[in-house]
Amino acid sequence: MTFDLVIAGGTIATAADVFKADIGVKDGVITALGIGLEGAETIDATGKYVLPGGIDSHVHIDQPSGEGIVMADTFETGTLSGLFGGNTTLLPFCVQEKGKSLRDALTAYHAKAEGNCYTDVSFHLVISDPTESVLGQELPAAVADGYTSFKVFMTYENLRLNDAEILQVMDTARRTGALAMVHCENEDAIRFLIDRHVAEGRLEPLSHATTRPLAVEREATHRAITLAEVVDVPVVIVHVSNGAAMEEIERARARGMNVTGETCPQYIRLTEKDLEGMNWEGAKAVCSPPPRTEAEWDNIWRGIQTGVFDVFSSDHCPFRYDDERGKLNPKGRKDFRHVPNGIPGVETRLPILFSEGVSKGRIDITRFVALTSTNHAKTYGLYPKKGTIAVGADADIVLWDPEAETTIRHANLHDGSDYSPYEGLEVKGLPRTVILRGKVMVKDGELVGARGDGRYLPRELSMKVRRPG
Ligand code: DUC
Ligand code: ZN
Ligand code: ZN
């Protein structure tokens, strides 16, 4: 058989193995692993790692963001940025507005994505209004249609659910087999601290962090897990920022619970100090949960190494900095309460984890692949079509140069924001060529694919992730 494409001479790494072989691709699918394969086109991968395309299961793209505020990425720029960062699949959130149906949200969100993507995409839902008809009809119908995961918030006035509502949403997850994801911060405690900060005139960006201390996250993590335990359902704890919240996951697993843990680059590279800054620059690092301390970086690394964390996602949530509709909106210029919450990072996620993790010897390449691709596919119902290099899988492949070095500069990134919170960070290890379903999209750092090459992916139910040890 001749192949459409052969990737020859590289070192293939999956979540389980590292081995030398050629990959034969036909009709967008990996059809052979072997030696001496021949095809219509051959890419020489000598000296490169050949990895399954990155899957970022936590990104925000073109999401409605409050009056006067505009998210910096459309599907065009967000997926382009993801692609250049070595990703072939992104999972953004489709948010239900209060008083509206899930169908309305999905129709609007699909219209934004349709024809505009450089990577494959699939949507999580955010449930903000769990009415009887949402829980009884709409959500089960959405799960049957392949929207098999949904997020709930314990904070934010317009999104938060109370415990009774969270129990109901989790019960729907149990009945349908879908996966509930929880943003764990205690809204009432945050409100209390915000009032105190305002009374003291502490309105600078740093107050975003000091109104959301670690205890606020730890308590909510414990409560989310407890609610899931009561319902008897698996749960994903997203964007975990610290060791105490992490220990809640460990304790729950020791009781036999099925808890998935997610962490993000900001919790191994940024600290609360990044929220300080002249000219309001600290707004660039405002995200929730906030970055913590260098001591917490060590805790998070332990979780990454030992398997407390199954997935390492970006939580890409981009706003422009120097922009009336972004971080420096007219109210946000003077008051942390009005600084939009979130930071860009879809393009820097893989280089940061590879550089800090693999290049510095903290994790090996198989763990890197598990954390950035395979476990996302397993957790969110895309495996084994996505997330691995195997016969029958989509040919979503990244040629990764472990020796390439660069300094992160926003000027070289492709998102719609105007800054990177990692500006100036030196990284070793970069994606060079990115292939989506057999089509070369980025070749040696140059775009060759087209907007619209990415497709929408309905998903199956979650499957169990293999953990280290
Ligand atoms: N939660 C997220 O998941 N992303 C950005 C902001 C937030 O609160
Ligand atoms: Zn969140
Ligand atoms: Zn997020």
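Residues numbered from 1 in each chain as written. Chains lettered and ligands numbered in written order. Predicted model: local features only at pLDDT ≥ 70, side-chain atom pairs only at ≥ 80, totals over all residues. Heavy atoms only, no water.

Asker: Sorry if this is basic, but what is going on with the site of ligand 1 here?
Answerer: Taken together, His58, His60, Lys151, Phe153, Tyr156, His183, His239, Ser288, Asp315, Cys317 and Asn341 form the complete shell of residues around ligand 1. Between ligand 1 and His58, the relevant distance is 2.9 Å, taken from an oxygen atom to a side-chain nitrogen or oxygen of the residue. The separation between a nitrogen atom of ligand 1 and a polar side-chain atom of His60 is 3.0 Å. Summarising the interface, the protein chains cover 96% of the accessible area of ligand 1, which totals 240 Å² for the free molecule. A breakdown of the residues in the shell around ligand 1 according to their chemical character gives 3 nonpolar, 6 polar and 2 charged. (Near = heavy atom within 4 Å. Polar contact = N/O pair within 3.5 Å; in protein donor to acceptor, adjacent residues only side chain to side chain. Areas by Shrake-Rupley, 256 points an atom, 1.4 Å probe, with all protein chains shown as cover. Nonpolar A, V, L, I, M, F, W, Y, C, P; charged D, E, K, R; others polar.)

Asker: Looking at this model, I keep getting lost on the coordination of the zinc ion (ligand 3). Mind explaining?
Answerer: Think of it this way: four donors in a tetrahedron around the metal ideally sit 109.5 degrees apart, and six in an octahedron ideally sit 90 or 180 degrees apart. Protein coordination at the zinc ion (ligand 3): the donors are His58 (NE2), His60 (NE2) and Asp315 (OD), at 1.9 to 2.0 Å from the metal. On the primary sequence, the residues serving as donors to the zinc ion (ligand 3) are separated as H-x1-H-x254-D. Here the zinc ion (ligand 3) and the zinc ion (ligand 2) are spaced 4.2 Å apart. A residue pair is termed long-range when its members are at least 10 positions apart, and His60 in the loop between β8 (54-59) and α1 (75-84) and Asp315 in the loop between β16 (311-312) and α11 (349-359) qualify at 255 residues. Residue His60 is classed as buried on the basis of its relative accessible area, which comes to 5%. Judged by its relative accessible area of 8%, Asp315 is buried. (Donors = N, O, S within 2.8 Å, 3.2 Å for Na, K, Ca; no water. Helix = DSSP H or I, 4+ residues; strand = E, 2+ residues; numbered from the N terminus. Buried < 20%, exposed > 50% of the residue type's maximum accessible area, 1.4 Å probe, protein only.)

Asker: Mind showing me how you'd approach the coordination of the zinc ion (ligand 2) here?
Answerer: Only Lys151 (NZ), His183 (ND1) and His239 (NE2) from the protein coordinate the zinc ion (ligand 2), and they sit 2.1 to 2.2 Å from it. Residue classification places Lys151 among the buried residues on the basis of a relative accessible area of 1%.

Asker: Would you mind going over the environment of Glu76 with me for this structure?
Answerer: Residue placement: Glu76 occurs in helix α1. A relative accessible area of 32% places Glu76 in the partly exposed class. Taking the C-alpha atoms as reference, Glu76 lies 28 Å from Ile7; in sequence the two are 69 residues apart. Here Glu76 is in contact with Asn116, Tyr118 and Arg451, once residues within four sequence places are set aside. (Contact = heavy atoms within 4.5 Å.)

Asker: What is the right way to look at unusual backbone geometry in this model?
Answerer: Glycine aside, residues mostly have negative phi, and peptide bonds are mostly found in the trans state. Between Ser288 and Pro289 the backbone carries a cis peptide bond, its omega angle lying at -10 degrees. Position of Pro289 relative to the elements: it lies in the loop between α9 (266-269) and α10 (294-306). Geometrically, the link from Tyr383 to Pro384 is a cis peptide bond, its omega value of 5 degrees lying close to zero. Even without a glycine there, the phi angle at Asp315 is positive, about 50 degrees.

Asker: Is there a simple way to think about the UniProt feature "domain: Amidohydrolase-related" (unreviewed entry) in the chain in this case?
Answerer: Following the UniProt record, one finds the feature "domain: Amidohydrolase-related" (unreviewed entry) at residues 49-440. In this annotation, residues 49-440 is assigned 36% helix and 17% strand; the end-to-end C-alpha distance for the span is 16 Å. (UniProt positions renumbered as here; feature names shortened; annotations may be inferred.)

Asker: Would you mind going over the sheet that holds strand β7 (residues 49-52) with me for this structure?
Answerer: Working definition: the strands of a sheet are paired by backbone hydrogen bonds and lie parallel or antiparallel to each other. A sheet is described by the order of its strands in space; here 7 strands give the open sequence β3-β2-β7-β17-β18-β19-β20, paired in mixed fashion. Every interior strand has two partners, whereas the edge strands, β3 (18-20) and β20 (446-447), have only one. Taken strand by strand, α11 contacts β7, β17 (397-407) and β18 (426-436), and its axis lies near 125 degrees from that of β18. (Pairing = 2+ DSSP bridges. Axes fitted to C-alpha atoms, helices over the stretch in contact; angles between N-to-C directions.)

Asker: Which parts of the structure should I look at to understand the packing of aromatic side chains?
Answerer: When we look at a pair of aromatic rings, we describe it by the centre distance and by the angle of the planes. A complete count under the given rule lists 11 aromatic pairs for this structure. Considering the side-chain rings of Phe75 and Tyr109, the 5.1 Å spacing of their centres and the 70 degrees angle between planes classify their relative orientation as edge-to-face. Here Phe75 is found in helix α1, whereas its partner Tyr109 is found in helix α2 (residues 102-113), with 34 residues between them in sequence. By the burial criterion, Phe75 is buried, and Tyr109 matches it. Taken together, a centroid distance of 5.7 Å and an interplanar angle of 55 degrees make the contact between Phe153 and Tyr156 tilted. Put simply, the rings of Phe75, Tyr109, Phe123, Tyr147 and Tyr456 touch in pairs and so form one group of aromatic residues. (Phe/Tyr/Trp six-rings, centres within 6.5 Å; stacked < 30°, edge-to-face > 60°.)

Asker: Explanation requested: the UniProt feature "modified residue: N6-carboxylysine" (unreviewed entry) in the chain in the structure shown.
Answerer: The positions that UniProt labels "modified residue: N6-carboxylysine" (unreviewed entry) are, in the present scheme, Lys151. Here Lys151 is to be found in strand β12 (residues 149-153). Setting aside residues up to four positions removed in sequence, Lys151 forms contacts with His58, Phe93, Leu125, Val126, Ile127, Met181, His183, Val238 and His239.

Asker: Please explain the sheet that holds strand β1 (residues 3-8) as it appears in this structure.
Answerer: Strand order in the open sheet made by the 4 strands is β5-β4-β1-β6, with mixed pairing throughout. Where the open sheet ends on each side, the last strands, each with one partner, are β5 (29-34) and β6 (39-44). Neighbour to neighbour, the strand axes of the sheet diverge by 25 degrees on average, direction disregarded. The pairing of β1 with β6 spans 5 bridges and is classified as parallel. Bridged to Val6 within β6 is Thr42.

Asker: Any chance you could explain helix α12 (residues 365-379) here in plain terms?
Answerer: Quick reminder: α-helices carry 3.6 residues per turn. Residues three or four places apart thus point the same way. Spanning 15 residues, α12 covers 20 Å between terminal C-alpha atoms, matching the ideal 21 Å at 1.5 Å per step. The largest bend in α12 is about 50 degrees, located at Leu371. For α12, the buried fraction is high: 15 of the 15 residues fall into the buried class. At the exit of α12 stands Gly381, carrying a positive phi of roughly 75 degrees. (Expected span 1.5 Å × (residues − 1). Bend = angle between axes of the 7 residues up to and from the residue.)

Asker: What's the story with the nonpolar core in this structure? I'm lost.
Answerer: Within soluble globular proteins, side chains that are nonpolar tend to cluster in buried spots. Ranked by internal contacts, the top residues of the largest apolar core, which has 102 residues, are Leu125, Met170, Ile304 and Phe368. A total of 6 residues in this core trace back to one element, the largest contributor, which is helix α7 (residues 214-231). With residues up to four places along the chain from it excluded, the contact list for Met170 reads Ala180, Val182, Ala224, Leu227, Ala228, Val231, Val233 and Val235. Formed by 16 residues, the second largest nonpolar core is a distinct cluster that contains Val25, Val50, Leu399 and Ile435. (Core = buried A, V, L, I, M, F, W, Y, C linked by side-chain atoms within 4.5 Å.)

Asker: Please explain the environment of Ile69 as it appears in this structure.
Answerer: Within the secondary structure, Ile69 is located in the loop between β8 and α1. A relative accessible area of 14% means that Ile69 is categorised as buried. Taking C-alpha positions, Ile69 is 41 Å from Ile389, a pair spaced 320 residues apart along the chain. With near-sequence residues (within four places) excluded, Ile69 lies in contact with Phe319, Arg325, Gly326, Asn329 and Pro340.

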